[in-house]
Amino acid sequence: MEFEEQDKYPSNAHSLKRFFRGQEKLKDLRVEQDLKKTLDGTDAVIFAVRHKHYLTLDPDEVVKMAGGPIAVIDCFGILDDAQIRRYFELGCEVKGLEEDM
């Protein structure tokens, strides 16, 4: 909703448009509720939010849903060592982003 109606969300008087200047294509983004559908044929997964559901994703299932090895980017230490190891074993490339303190 925020992306699709950025000119008038949350209200015409207080829209989020100022945050999305020059990014008109954001209106084309859609949130998909079906993870399997989302991952089908994808080349990369970016973990950027520590939601409970992401913490417990099984690397084997993620790679299976994607249809093969993918690039995995972990922005905030969401993956544990065993998950990272398994992604590597499945032929994936895994990168972690370090947080500056």
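Keep in mind that this is a model prediction, so the values were computed, not measured.

Reading the values: the criteria
Residues numbered from 1 in each chain as written. Predicted model: local features only at pLDDT ≥ 70, side-chain atom pairs only at ≥ 80, totals over all residues. Heavy atoms only, no water. Buried < 20%, exposed > 50% of the residue type's maximum accessible area, 1.4 Å probe, protein only. Helix = DSSP H or I, 4+ residues; strand = E, 2+ residues; numbered from the N terminus. Pairing = 2+ DSSP bridges. Right-handed = clockwise from strand over helix to strand, strands pointing away. Lys, Arg positive; Asp, Glu negative; His and termini not counted. Salt bridge = Lys/Arg side-chain N within 4 Å of Asp/Glu carboxyl O. Polar contact = N/O pair within 3.5 Å; in protein donor to acceptor, adjacent residues only side chain to side chain. Contact = heavy atoms within 4.5 Å.

## Brief notes about the pairing of strand β2 (residues 71–74)
- Residues Val72 and Asp74 of β2 are buried on one face, while the alternating residues Ala71 and Ile73, pointing to the opposite face, are not.
- Where β2 and strand β3 (residues 93–96) come together, four bridges link them in parallel fashion. Bridged to Ala71 within β3 is Glu93.
- Considered for its hand, the β-α-β crossover made up of β2, helix α4 (residues 81–89) and β3 is right-handed.

## Quick look at the side chain of Asp74
- Following the sequence through the fold, Asp74 ends up in strand β2.
- Salt bridges are absent for the buried Asp74, whose nearest opposite-charge side chain, Arg50, sits at 6.3 Å.
- Here Phe76 takes part through its backbone nitrogen, which lies 3.4 Å from a polar atom of the side chain of Asp74.
- Among all residues touching Asp74, those that are not within four sequence positions of it are Phe47, Leu79, Lys95, Gly96 and Leu97.

Any link to function would need more than the numbers given here.
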